[in-house]
Number of protein chains: 6
Amino acid sequence: MSPVDIEAIVARALDEDLGGGGDITTAAVVDPQRQGRAVLVARQDLVVSGLDLAAEVFAQVDEELNFEALVSDGEPVTTGAALAEVSGSLASILVAERCCINFVQHMSGIASLVRLFTLRLEGSSVRLVDTRKTRPGLRAIEKYAVTCGGGNNHRFGLADGVMIKDNHILAARSITEAVNRAIEGAHHLVKVQVEVENLDQAFEAVDAGATVLLLDNFAVPDLRATVLALRARPEILTLEASGGINLDTVAEVASTGVDVISSGALIHQARWVDIALDVDPS
Amino acid sequence: MSPVDIEAIVARALDEDLGGGGDITTAAVVDPQRQGRAVLVARQDLVVSGLDLAAEVFAQVDEELNFEALVSDGEPVTTGAALAEVSGSLASILVAERCCINFVQHMSGIASLVRLFTLRLEGSSVRLVDTRKTRPGLRAIEKYAVTCGGGNNHRFGLADGVMIKDNHILAARSITEAVNRAIEGAHHLVKVQVEVENLDQAFEAVDAGATVLLLDNFAVPDLRATVLALRARPEILTLEASGGINLDTVAEVASTGVDVISSGALIHQARWVDIALDVDPS
Amino acid sequence: MSPVDIEAIVARALDEDLGGGGDITTAAVVDPQRQGRAVLVARQDLVVSGLDLAAEVFAQVDEELNFEALVSDGEPVTTGAALAEVSGSLASILVAERCCINFVQHMSGIASLVRLFTLRLEGSSVRLVDTRKTRPGLRAIEKYAVTCGGGNNHRFGLADGVMIKDNHILAARSITEAVNRAIEGAHHLVKVQVEVENLDQAFEAVDAGATVLLLDNFAVPDLRATVLALRARPEILTLEASGGINLDTVAEVASTGVDVISSGALIHQARWVDIALDVDPS
Amino acid sequence: MSPVDIEAIVARALDEDLGGGGDITTAAVVDPQRQGRAVLVARQDLVVSGLDLAAEVFAQVDEELNFEALVSDGEPVTTGAALAEVSGSLASILVAERCCINFVQHMSGIASLVRLFTLRLEGSSVRLVDTRKTRPGLRAIEKYAVTCGGGNNHRFGLADGVMIKDNHILAARSITEAVNRAIEGAHHLVKVQVEVENLDQAFEAVDAGATVLLLDNFAVPDLRATVLALRARPEILTLEASGGINLDTVAEVASTGVDVISSGALIHQARWVDIALDVDPS
Amino acid sequence: MSPVDIEAIVARALDEDLGGGGDITTAAVVDPQRQGRAVLVARQDLVVSGLDLAAEVFAQVDEELNFEALVSDGEPVTTGAALAEVSGSLASILVAERCCINFVQHMSGIASLVRLFTLRLEGSSVRLVDTRKTRPGLRAIEKYAVTCGGGNNHRFGLADGVMIKDNHILAARSITEAVNRAIEGAHHLVKVQVEVENLDQAFEAVDAGATVLLLDNFAVPDLRATVLALRARPEILTLEASGGINLDTVAEVASTGVDVISSGALIHQARWVDIALDVDPS
Amino acid sequence: MSPVDIEAIVARALDEDLGGGGDITTAAVVDPQRQGRAVLVARQDLVVSGLDLAAEVFAQVDEELNFEALVSDGEPVTTGAALAEVSGSLASILVAERCCINFVQHMSGIASLVRLFTLRLEGSSVRLVDTRKTRPGLRAIEKYAVTCGGGNNHRFGLADGVMIKDNHILAARSITEAVNRAIEGAHHLVKVQVEVENLDQAFEAVDAGATVLLLDNFAVPDLRATVLALRARPEILTLEASGGINLDTVAEVASTGVDVISSGALIHQARWVDIALDVDPS
């Protein structure tokens, strides 16, 4: 997450909550001179993510506020843990409260779900990655949250990796043609990945020059056999499994010998975790 | 959702996915002259939401594409239902695909969860509403999705309603003082709502002039008794229950006689539903 | 006014004045090393508004400038009063001068006009409010200026209050139907206001559930009678008078017993007051 | 006014009015299928300005609306005149109404005031111009409105003309030095103007090479004498009078033989004229 | 180049040229009703690039203009060739003229220089690519222009390829450590490239897992020997030469057997070619 | 260059380079705690321009970095000269490196070329200026770079000077008519310039009131004769020569007695100079 991105995403979130007349409750009810202190507290076990966003929310609302993170992004904490504290104008803290928590709840929700997966993969060298199935406009923070949970990121967008899917193959009329065009057309720092449904397709892709294969929706026994057959090839291949992988199946999929397991569910099936801001007017 | 908002949110989503070098796979693999047709298909039972966003995604990628919605937002559909179709440049369709589906999966996921709640409330006049616990930058589309599921919206942001919470009360030192300040400070088209924990607080709030009460985290019997006691007051009050309400409890909470049930979970516990774009190169 | 809004509105104003080649006069004529000091001075009696904007203008032009407000927004001052002072690079002060004064003259003009009205209302509990008749893009600062003059704000925009006007009634075919739809459609923290022309309409609106009435363009005797009749209703109503109210009539209108007097003229009939920046090169 | 500017200024105005939840009244009350027609009507004698902005407001709210201007910007019209009409979705018309009228009332208010001045100058060849005393962010439309009233524009901003004022002279230590630096520093398509207080200063400025003089706050007899003395110079000079010129004095000032009369009051003392949108649901 | 990018870059360019008061010459001199037709003409032999930008410039200035490209981007043309024509409002054409030509001259200048290089490489399979040495904010259009000249693109930015340079190696303390970290940290669709100065470094990089080598500033005989030695490795390597390659040396460098030749000079040493807009008022 | 402009142009450049996933190489390879120091070094003789942009790049990437300019913009330096140094987080320095250098190489390239021209004009009072032939979106920094090389700027854009070219004359049907309209239509601080091809046109323009003439593409003897003839006129004229002027001809053109020589080539024929960032991890 670049500083510029963080600034923009927080500005949008604040504009959304404060647009028009601002926080009319706090403006009416809270004495502007009043000081206070607040602690961001975990209300359940969770993995923390988003403290930089929280800091930026408070800074944009009132640059005089003092914000201090008490844990680091990526740390697993238990119920009751204090994640950060902020002090200064009480009104400013209350104005920023919901916007701040929304970021941390959302991101920690993802990090916490990802951690459930990575715990299942302990001892395995497989790389667990997300996909481009992310909420519009929030990809940077959602992918960052995946890393807080111990996962890795797949390509960020359409520009930083070639992935030839079924529709591209249809458009090019064959895997071979699609891979050839991709190698010709893409720059030489990106690999060419092909989504395949069976071993024949996999071999065609590799023969054409693809070095990463997406083995999509394979049953585990088929996946195991396919990995075995592909490892017998001389080329150094990266094998990625995807498709409906869940907490129950992820370890077994990893045992097939694939290098990478990708799952959009890491992000789009995550739910918010419970976090609150305990405010203490002084 | 205003047209201006839709345009901006889609532009950001596309920029996120195409930023830098664009869709390098499609650019390399798909003949720019090739035409195609694609259908957005439900892969599970769901309530549709987000077709205007889908249309805008395709329009921004290529204004020559023809997009037609086949169902309406808010319609429940079953597995296999065709939601929309688009035709034109195959490359443009593929470039837009993921971004389009991300909107519809996310919004339909919310609409579908909300519908599960509203089905439990059939026959009841209670109003089910969301909260400000929304993903940063996506509030407009998430709140719209709630209405597609049959729910209603709470205030949009901090400007369009006064809600006095515990921290505001602490800051003002009493419910009475907080309500007085709010009535004095806010404009005369917004009501003053107070979050209360018990009947004493509720009476204090009403005596001070509040007309909406948020009964937060009441056990159902307490809630029922409190509602009864408050309905005996001469003032016309709007009573809102919130706090950990779920599919199992929502009907019982509604039976207590509250006017409104609010739940952040309608949005932040929703998961994406399964939707795909079936592409057919011509 | 949120910090984010202030920053954006000042950036636009500076861009407008400096766009293209910047301040070519100062760049050519003033030695960049030269220091100076300037005082913002009232050239007539006025009520001050806009000093935060003035501060932001100088900060954006040159973050090294030292700006200090000498009075507070909302203070009435007399001719010759020093409102603020700024010191630092003389060139920077001259670049910022006009843009700074434009904000303060405009906002103080509104505050000063509003104060003329509020002085006429001394001893009355009526609330004097503005409308949505504001200059495009400047609503936040114009509404803020109204409060500096002792007035209050009506709703900020179309989102934070329901106001059913004649055209809405025409569209819904009756006041009753319009109010019913509004109560059903709007969220439960906004009140429903109806613009009415006579007592019959007022009663229909109240019967349907409206709690705020806009009594538009009533002659004072009619207004007084209507207020009397409506106060006899059991409902707690907010009665707002509007329509051609001026300095001569405002006290009489207030005497009719309405709760609120609204006037677009507070903003759109205000003229700039005379303020200058006296610069003193060191 | 460039198309790009118009688009941006209207988008900001709409965002201001619709930000957050949009027009909740119209959304709740008006059937989205309902069609209608509306006429923009002058409620007093006025000079029209801003119809392009009105058109853009309607277009941005709903590109399906049909807008037609019935008069041209700059035309004087009398009470009751129809200025434009719009037809299409009734809801869209109502959403856009206030924003549209705000532009036209504001701009026509300026045009109408300017026309009062230009009528006093009939038969004179003097050029009546505005200044940079404009509302922040609205300069383009305010200066355009001046031309609709028959006035002319002074420089747009700090980049398109050199004007050496008293503070610049103080900074450069003499008029001669300031003019020399300006001629040296500015590009060769802008003239150098100097603000002078008496004939000695005027001669020093001309001797140094200035070709435009701002004769600020001269009494009329002094102004007449100064013009006479300066016209005796061999150089072709442009003489501009400014300072407290009003409707009563403008003709007399023009009679002194100056080329240009400038007045910030054309814009900042203008008040809105009365214009309404008469809506007719079909 | 995405449509969204093109729209934004053109809007900025127009704002730069028209900011403030717009085209004051055309506004004063050209009758707004006057129609005209203009042809974009090559005044030297060149390779065309940028016609989409030209089209967008005219469209943004006046959507009523009719623009037609007469050749395609990437086509080599000779002096006098008509590249595009536009017709409609003469004033609009003149307002857009310079901004339009600036795009086409700049981009065609790059395309034309690149073509000189690619002509030297005819018969060779080497890939000629650009670098990230591009003018700030113009990377998308400059890289596109390279492809018009027959070149290819290197990675777009820092996100779509790993390139370990000397400073990264210093930071990681060894090539091996840097490559290990990169493979671990980057996603699995990007290759790891290492900039090396000699064969030892090259072997260390390949042993660590790098598959792309940047052979920077090698003398041609050294380059030839290094390529030979590296081709003897079992891994499939992509070898890129860079550093001071010019028209005189590029063919010889290509003859060494490298896969890729990269050169920032393709873009930053390109000069504008001569193109004019011949206008014909009707 | 205004601070606001610099901030925006740097933000765009960084977004371009870091968009999507950011600097994935540095993120993977460089320890975030590692400190470093880097020096911006001239690799050839050059005139420096762009150090403020360099400073802003580092500040936006990481506000903790310490940047210090060691020379001033406009200074000629020799190979090996240290231009600036920066210290702090090594990773931040590497992320910012290319973006920073791109600005300084581009701008110093222009300044260095301009200096070659101004050296040829030593002893002459002629003013060497640029044109509006600038790269889209970069005009402010390119025109600034011209001044660093000892040149001057022509008008910034279409708003700050009237220049009547052949097409305007065609549109107005005569030089006289065009000049009359321009004097009437433009504000009184801009001069009217006319592009002429021969003495007859020049006389017509001056008779009509133009005071600046663009003598375009005159052969030197013709130019000399034309200047002589025009100097005999009583009006004070500014004579500008343009059209294919290069290093070999510029001194001779200056000797003809023109006041101004304009050349788009100062900017669009400039090539980047060689500058590097030498990084030293601590």
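The structure under discussion appears in the preceding block.
Here's what I pulled together on the structure shown here. (Residues numbered from 1 in each chain as written. Chains lettered and ligands numbered in written order. Predicted model: local features only at pLDDT ≥ 70, side-chain atom pairs only at ≥ 80, totals over all residues. Heavy atoms only, no water.)

1. Quick word on the overall build of chain A
To be explicit about the condition: A run of H or I in DSSP counts as a helix once it spans at least four residues, and a run of E counts as a strand once it spans at least two, with each numbered from the N terminus. Accessibility here uses a 1.4 Å probe with only protein chains present; expressed as a share of the type maximum, an area under 20% marks a residue as buried, one over 50% as exposed, and anything in between as partly exposed. Contacts between residues were defined by any pair of non-hydrogen atoms, one from each residue, lying within 4.5 Å. Surface accessibility follows the Shrake-Rupley procedure with a 1.4 Å probe radius. Residue values consider only the protein chains on display as shielding. Lys and Arg are tallied as positive, Asp and Glu as negative. Neither His nor the chain termini are counted. Charge coordinates come from a single atom per side chain, which is NZ of Lys, CZ of Arg, CG of Asp or CD of Glu.
From N to C terminus, chain A includes eleven helices and twelve strands. Reported as C-alpha extents along the three principal axes, the dimensions of chain A are approximately 70 × 35 × 25 Å. Put simply, chain A has 282 residues, and 60% of those count as buried. Put simply, 73% of the contacts in chain A that link residues at least 6 apart link residues at least 24 apart. On chain A, roughly 10,000 Å² of surface is accessible, and the fraction owed to carbon and sulfur atoms is 47%. Side chains of chain A carry 22 positive and 40 negative charges; the gap between the two charge centres is 6 Å.

2. Re the packing of helix α1 (residues 3-18) of chain B against helix α3 (residues 51-61) of chain B
Residue and element names in this part refer to chain B. Here is the rule: Each axis is a line fitted through C-alpha atoms, taken for helices only over the stretch in contact, and angles between the N-to-C directions span 0 to 180 degrees. Under this scheme an angle from 65 to 115 degrees is roughly perpendicular, one under 35 degrees roughly parallel, and one over 145 degrees roughly antiparallel; angles in between are oblique. Crossing handedness is defined as follows: a turn of the near helix away from the far one that is anticlockwise and smaller than a right angle gives a left-handed crossing, while the clockwise case is right-handed. Throughout this entry, Asp, Glu, Lys and Arg are counted as charged residues, while Ala, Val, Leu, Ile, Met, Phe, Trp, Tyr, Cys and Pro are counted as nonpolar. The remaining residues, Gly among them, count as polar.
Direction vectors running N to C along α1 and α3 enclose 60°, while the axes themselves pass 9 Å from each other. By the angle class used here, α1 and α3 are oblique. α1 and α3 meet at a crossing whose hand is right-handed. For the pair α1 and α3, contact is made by Ile 6, Glu 7, Ile 9, Val 10, Ala 11 and Leu 14 and by Asp 52, Leu 53, Glu 56, Val 57, Gln 60 and Val 61, respectively. Grouping the amino acids of the contact of α1 with α3 by side-chain chemistry returns eight nonpolar, one polar and three charged.

3. Here we look at the pattern of salt bridges
Our working rule: Only one rule defines a salt bridge in this text: a Lys or Arg side-chain nitrogen within 4 Å of an Asp or Glu carboxyl oxygen.
Inspection of every chain in the model, using the stated rule, returns 60 salt bridges over all chains. Linking Arg 181 of chain C and Glu 177 of chain C is a salt bridge whose minimum nitrogen-to-oxygen distance equals 2.8 Å. Of this pair, Arg 181 of chain C and Glu 177 of chain C are both found in helix α7 (residues 175-185), four residues apart, which corresponds to roughly one turn of the helix. In this structure Arg 181 of chain C comes out as partly exposed when scored by relative accessible area, which is 25%. Each of Asp 17 of chain A together with Arg 132 and Arg 139 of chain B takes part in one network of salt bridges that share partners.

4. Structural notes on α7 of chain C
For clarity, the threshold we go by: By construction, the arc corresponds to the directions joining the helix axis to the C-beta atoms.
For α7 of chain C, the full list of buried residues reads Ile 175, Ala 178, Val 179 and Ala 182 of chain C. Axial view of α7 of chain C: buried residues confined to an arc of 95°, hence all on one face. Against β7 (162-164), α6 (166-172), β8 (192-196) and α8 (199-208) of chain C together with α2 (24-29) of chain D lie the buried residues of α7 of chain C.

5. Considering the state of the cysteines
Worth spelling out the cut-off: Cysteine sulfur atoms are paired as a disulfide whenever they fall within 2.5 Å.
Taken as a whole, this structure holds zero disulfides over all chains when the rule is applied. Free of any disulfide, Cys 148 of chain A has its nearest cysteine sulfur in Cys 100 of chain A, 15 Å distant.

6. Some points on the relation of the copies chain A and chain B
Quick reminder of the rule: C-alpha atoms of residues with pLDDT of at least 70 in both copies form the basis for the least-squares superposition of the copies.
Superposition record for chain A on chain B: RMSD 0.0 Å, screw rotation 180°, translation along axis 0.0 Å. Here the two chains are linked by the operation of a two-fold rotation axis. Take the interface residues of chain A: 100% of them recur as interface residues in chain B, which is what a same-surface contact looks like.

7. Structural notes on the sheet that holds strand β6 (residues 127-129) of chain B
Adjacent strands of a sheet pair through backbone hydrogen bonds, lying either parallel or antiparallel. Residue and element names in this part refer to chain B. Spelled out, the test is: The rule for pairing is simple: two strands pair if DSSP sees at least two bridges between them.
Spatial ordering of the open sheet is given by β6-β11-β10-β9-β8-β7, a layout of six strands whose pairing is parallel. If you trace the sheet from one side to the other, it starts and ends with β6 and β7 (162-164), each paired once. Pairwise comparison of adjacent strand axes, ignoring direction, gives a mean angle of 25° for this sheet. Across three bridges, β6 lies against strand β11 (residues 260-262) in parallel orientation. The residue bridging Leu 128 from the neighbouring strand is Ile 261, located in β11. Helix-sheet contacts for helix α8 (residues 199-208) involve β8 (192-196) and β9 (212-216), and the interaxial angle to β8 is about 165°. Along the sheet face, helix α9 (residues 220-231) touches β9 and β10 (238-242) and points at about 165° away from the line of β9.

8. Observations regarding a negative patch on the surface
For the record, the criterion: Exposure above 30% relative accessible area and no salt bridge define the residues that can form patches, which grow by joining like charges within 9 Å and nonpolar side chains of Val, Leu, Ile, Met, Phe, Trp and Tyr within 5 Å.
A contiguous patch of negative charge on the surface is contributed by Asp 15 of chain A, Asp 5 of chain B, Asp 5 of chain C together with Asp 15 of chain D. Within the element layout of this structure, Asp 5 of chain B appears in helix α1. Taking the relative accessible area as the measure of exposure, Asp 5 of chain B reaches 30% and is therefore partly exposed.

9. Overview of the environment of Asp 274 of chain C
All names here are of chain C. Within the secondary structure, Asp 274 sits in the loop between α11 (265-268) and β12 (275-281). Spatially, the C-alpha atom of Asp 274 lies 29 Å from that of Gly 21, the residues being 253 residues apart in sequence. If we skip the residues at most four places from it in the chain, Asp 274 touches Val 41, Ala 42, Arg 43, Gln 44, Leu 46 and Gln 105.

10. Examining the side chain of Gln 105 of chain F
Mapped onto the fold, Gln 105 of chain F is located in helix α4 (residues 90-120). When residues no more than four places from it in sequence are discounted, the contact partners of Gln 105 of chain F are Arg 98, Trp 272, Val 273, Asp 274 and Ile 275 of chain F.

11. Some details on the arrangement of the chains
Spatially, chain A is disjoint from chain D: no contact exists, and the shortest C-alpha separation is 6 Å. The closest approach of any C-alpha atom in chain C to one in chain E is 6 Å; the two make no contact.

12. Considerations on the interface of chain A and chain B
Put simply, the rule reads: By definition, the buried area sums, over both parts, the 1.4 Å-probe accessible area that each loses when the two are put together. The term polar contact refers here to a pair of N or O atoms within 3.5 Å; inside protein, the definition further demands a hydrogen-donor-capable atom paired with an acceptor-capable atom, and it admits residues adjacent in sequence only when both atoms are side-chain atoms.
The partner chain B presents 64 residues to the 64 residues of chain A that form the contact. Together, the buried faces of chain A and chain B total about 5,400 Å²; carbon and sulfur atoms form 57% of this surface. It is Glu 16, Pro 136 and Leu 158 of chain A in chain A that bury the most area against chain B; as a group they hold 13% of the surface buried on that side. The interface formed by chain A and chain B contains four salt bridges. Across the salt bridge formed by Arg 132 of chain A and Asp 17 of chain B, the nearest N and O atoms sit 2.6 Å from each other. One can count 36 residue pairs in polar contact (both at pLDDT 80 or more) joining chain A with chain B. Take the side of chain A that touches chain B: its biggest share by element is eight residues, from helix α4 (residues 90-120) of chain A. Within the side of chain A that touches chain B, the residues separate by chemical class into 31 nonpolar, 17 polar and 16 charged.

13. Regarding the environment of Thr 211 of chain B
Residue and element names in this part refer to chain B. Mapped onto the secondary structure, Thr 211 falls in the loop between α8 and β9. Taking the relative accessible area as the measure of exposure, Thr 211 reaches 27% and is therefore partly exposed. Sequence separation between Thr 211 and Glu 235 is 24 residues; the distance between their C-alpha atoms is 7.5 Å.

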